[in-house]
Amino acid sequence: MIHDSYVLTASSVATMCLDSAEPYGLMPEAAIVVEDGMIVWVGSQTHLPNRFAGHAKHHFGTQLITPALIDCHTHVVYGGNRAAEFEMRLNGASYEEVARSGGGIVSTVRATRSASEADLLADALQRIDAMIAEGVALVEIKSGYGLDQETELKMLRVARRIATLRPIRVQTSFLGAHAIPPNYSGQPDAYIDEICIPTLHRAHAEGLVDAVDGFCEGIAFSPDQIARVFDAAKMLGLPIKLHAEQLSNLGGAKLAASRDALSADHLEYLDEEGVREMAQSGTVAVLLPGAFYTLRETQKPPVALLRQHGVKLAVATDCNPGSSPISSPLLSMNMACTLFQLTPEEALAGVTRNAAVALGLSDTGTIAIGQRADFAIWNVKHPAELSYRIGFNSLEKRIYGGNFD
Ligand code: DI6
Ligand code: FE
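Predicted model, so just to flag it, every value in this text is computed and none were measured.

### Things to note about the nonpolar core
Working step 1: Within the largest apolar cluster, 97 residues are counted, with the highest numbers of intra-cluster contacts made by Val77, Ile128, Ile141, Ile162, Val209, Met278 and Trp378.
Working step 2: Beyond its immediate chain neighbours, meaning those up to four positions away, Ile141 contacts Thr74, Val76, Val77, Ile128, Ala159, Ile162, Val170, Gln171, Thr172 and Ser173.
Working step 3: Counting 16 residues, the second-largest nonpolar core is a separate cluster that includes Val13, Val34, Phe60 and Ile399.

So this is what it looks like as structure tokens:
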């Protein structure tokens, strides 16, 4: 259904705007005016200007309107799955042991290389549809299960295709520095120079890359190796982000922040120095409780310190076949609250306002004049209900670029 100009009303709107004195930027009995896919007015229904009197009206009498959700860290494009490895871990193997024994990321690399583009797309669309059903209108998708030029490009093409087949915006991240492929075993430097960086150049030339990511970890790449990938990103004018301090502290977040990264993600082992650097550069902390939960990690990201230093917190699914086989942002919000002690307001900001910042976007994530008309309309009275419930989807409707689903 296409609507060029209309007024949405609801008993409650959570604008998520920082300039509001109310928690969640809550406005009771509010109206939102949409024209050509953009928000042109927001306020109390009783103050709706006369010039909008002729617009179509859509009343959501007892519902709550929030910005549409944003999943700012996913790996939804991949081949196969890792249910067998899930069993292995439950029989006692650690994530690192699984990775070192040739399982882990590398087994998904094999499956992704051998999958056709059509199969990768069909599988990814199932996960994307689950996200859309929970109100997601913008998703970040990483490469990183190819680790050769052909497959990295294939993954990124599939990611771009998704946005042409579904009403969802896709931001791609090149994650060539995700793992060391078997044919470069013990030669991470050669992999970075011979495969990763040339593939980044090629993918960028084909318009497939919006940002550059890496995995800075003992089982992946060192800060020096990541720094070389960041140098290449800088040459191409691409923003950067980093999987950092997930399993150990190698100083990845500090490196990312020193290069003005959009975000540093995971962060369980982040120390105060890293927090300070992130605060200084405005690098968003993307928390991924689905991975923490799946790996049965016990060290929590330093949420209190991040808060204290004013680092913005985002929350994402990290949807991937190994460490976070979850495609539910709502469950991720619940986990962020229960496992990491985020407040429900922080969790909602983490999948709206701050997720947009983590992607370097300023046209979405809040309900304010000039923002895209991307909304989620929920059958709840209060926004805390979104984080509180487990395994329950209260989405009534999603509006994407002004269009009702
Ligand atoms: N950190 C993670 O948790 C995932 N990638 C990463 O860099 C794991 C991906 C996988 O196991 O397939
Ligand atoms: Fe990830």
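### As for empty space enclosed by the protein
Working step 1: Within the structure shown, the criterion is met by 1 cavity of 30 Å³ or more.
Working step 2: A volume near 100 Å³ is recorded for the largest cavity.
Working step 3: Along the walls of the largest cavity sit 14 residues, with His75, Tyr95, His178, Asn320 and Ser323 positioned nearest its centre.

### Brief notes about the site of ligand 1
Working step 1: Taken together, 13 residues lie near ligand 1, and Arg82, Tyr95, Tyr145, His178 and Ser323 sit nearest.
Working step 2: Within the side chain of Arg82, a nitrogen or oxygen atom sits 2.7 Å from an oxygen atom of ligand 1.
Working step 3: In the complex, 100% of the free accessible area of ligand 1, which totals 320 Å², lies under the protein chains.
Working step 4: Using a 2 Å cut-off from the grid points, one finds that ligand 1 occupies the largest cavity.
Working step 5: The class makeup of the residues in the shell around ligand 1 is 4 nonpolar, 7 polar and 2 charged.

### Topic: the pairing of strand E11 (residues 284–287)
Regular strands place side chains that alternate from one sheet face to the opposite one.
Working step 1: The alternating pattern of E11 places Val284 and Val286 on one face and Ala285 and Leu287 on the opposite face, and all of these are buried.
Working step 2: Sheet analysis places strand E10 (residues 263–266) next to E11, joined by 3 bridges and oriented parallel. Looking at the pairing, Asp265 lines up with Val286 of E11.
Working step 3: Following the chain from E10 across helix H9 (residues 272–281) to the adjacent parallel E11, one finds a crossover that is right-handed.
Working step 4: Relative to strand E12 (residues 313–315), E11 is paired through 3 bridges, and the arrangement is parallel. Note on E12: the bridge partner recorded for Ala285 is Leu313.

### Description of the packing of aromatic side chains
Two aromatic rings, taken as a pair, are described by how far apart their centres are and by the angle between their planes.
Working step 1: For the structure on display, the rule yields 6 aromatic pairs.
Working step 2: Each ring, one from Tyr6 and one from Phe404, has its centre 5.5 Å from the other, and the planes form 55°; the classification is tilted. You can see Tyr6 sitting in strand E1 (residues 5–14) and its partner Phe404 sitting in strand E15 (residues 403–404), a full 398 residues away along the chain. Across the pair, exposure class does not vary: Tyr6 and Phe404 are buried alike.
Working step 3: Ring geometry for Phe292 against Phe340: centres 4.9 Å apart, planes inclined by 75°, an arrangement best described as edge-to-face. Placement of the pair is Phe292 in helix H10 (residues 289–294) and Phe340 in helix H12 (residues 329–340), with a sequence separation of 48 residues. Both residues of the pair, Phe292 and Phe340, belong to the buried class.
Working step 4: Put simply, the rings of Tyr6, Phe60 and Phe404 pair up and form one aromatic cluster.
Working step 5: The residue whose ring lies beneath Arg372 is Tyr400, and the NZ or CZ to ring-centre distance is 5.1 Å.
Working step 6: Over the aromatic face of Phe392 sits the side chain of Arg389, whose NZ or CZ is 4.6 Å from the ring centroid.

### Here we look at the coordination of the iron ion (ligand 2)
Working step 1: Within the protein, His73 (NE2), His75 (NE2), His243 (NE2) and Asp318 (OD) serve as the donor atoms for the iron ion (ligand 2), at 2.1 to 2.2 Å.
Working step 2: Coordination at the iron ion (ligand 2) is irregular, judged from the 4 donor atoms that bind it and the angles of 80 to 166° they form at the metal.
Working step 3: Read from N- to C-terminus, the donor residues coordinating the iron ion (ligand 2) fall into the pattern H-x1-H-x167-H-x74-D. Exposure class is identical for His73 and His75. Each is buried.

### Quick look at the pattern of salt bridges
Working step 1: This structure, assessed with the given rule, holds 19 salt bridges.
Working step 2: In this structure, Arg169 and Asp363 form a salt bridge, with 3.0 Å as the shortest nitrogen-oxygen distance. Here Arg169 is found in strand E7 (residues 169–177), whereas its partner Asp363 is found in the loop between helix H14 (353–358) and strand E13 (375–378), with 194 residues between them in sequence.
Working step 3: Looking at Arg169, the relative accessible area reads 17%, which means it is buried.
Working step 4: The partly exposed category is assigned to Asp363, whose relative accessible area is 27%.
Working step 5: Residues joined by salt bridges that share partners form a network here, namely Arg82, Glu85 and Arg89.

### A look at the sheet that holds E12
Working step 1: Taken in spatial order, the 8 strands of this open sheet run E5-E6-E7-E8-E9-E10-E11-E12, and their pairing is parallel. Strands at the two margins of the open sheet, each flanked by one partner only, are strand E5 (69–71) and E12. Strand-to-strand twist of the sheet, defined as the mean angle between neighbouring strand axes without regard to direction, takes the value 25°.
Working step 2: Strand contacts of helix H4 (residues 117–132): E5 and strand E6 (136–142), with the helix running at about 145° to E6, the strand carrying the most contacts.

### Section: the packing of helix H5 (residues 149–165) against helix H6 (residues 188–205)
Working step 1: Two elements in contact, H5 and H6, have axes separated by 10 Å at closest approach and are oriented at 40°. As far as their axial angle goes, H6 and H5 are oblique. In the crossing of H5 with H6, the sense of the turn from one axis to the other is right-handed. Contact residues: Gln149, Glu152, Leu153 and Leu156 in H5; Ile195, Pro198, Thr199, Arg202 and Ala203 in H6.
Working step 2: A per-class count over the contact of H5 with H6 returns 5 nonpolar, 2 polar and 2 charged.

### Some points on unusual backbone geometry
Working step 1: Of note, Asp36 is a non-glycine position whose phi angle comes to about 50°, a positive value.
Working step 2: With a phi angle near 90°, His266 is a residue other than glycine that sits in the positive phi range.
Working step 3: Turning to its location among the elements, His266 is positioned in strand E10.

The rules behind these values
- Residues numbered from 1 in each chain as written.
- Chains lettered and ligands numbered in written order.
- Predicted model: local features only at pLDDT ≥ 70, side-chain atom pairs only at ≥ 80, totals over all residues.
- Heavy atoms only, no water.
- Core = buried A, V, L, I, M, F, W, Y, C linked by side-chain atoms within 4.5 Å.
- Buried < 20%, exposed > 50% of the residue type's maximum accessible area, 1.4 Å probe, protein only.
- Contact = heavy atoms within 4.5 Å.
- 1 Å grid on protein atoms, 1.4 Å probe; cavity = no way out; pocket = protein on both sides within 12 Å on 5 of 7 lines; lining within 4 Å.
- Points joined across faces, edges and corners; volume = space filled by probe spheres on them.
- Near = heavy atom within 4 Å.
- Polar contact = N/O pair within 3.5 Å; in protein donor to acceptor, adjacent residues only side chain to side chain.
- Areas by Shrake-Rupley, 256 points an atom, 1.4 Å probe, with all protein chains shown as cover.
- Sits in = over half its atoms within 2 Å of the grid points.
- Nonpolar A, V, L, I, M, F, W, Y, C, P; charged D, E, K, R; others polar.
- Helix = DSSP H or I, 4+ residues; strand = E, 2+ residues; numbered from the N terminus.
- Pairing = 2+ DSSP bridges.
- Right-handed = clockwise from strand over helix to strand, strands pointing away.
- Phe/Tyr/Trp six-rings, centres within 6.5 Å; stacked < 30°, edge-to-face > 60°.
- Lys NZ or Arg CZ within 6 Å of the ring centre and 35° of its normal.
- Donors = N, O, S within 2.8 Å, 3.2 Å for Na, K, Ca; no water.
- Tetrahedral: all angles 85-135°; square planar, octahedral: opposite > 155°, others 65-115°.
- Salt bridge = Lys/Arg side-chain N within 4 Å of Asp/Glu carboxyl O.
- Axes fitted to C-alpha atoms, helices over the stretch in contact; angles between N-to-C directions.
- Parallel < 35°, antiparallel > 145°, perpendicular 65-115°, else oblique.
- Left-handed = near helix turned anticlockwise from the far one by under 90°.

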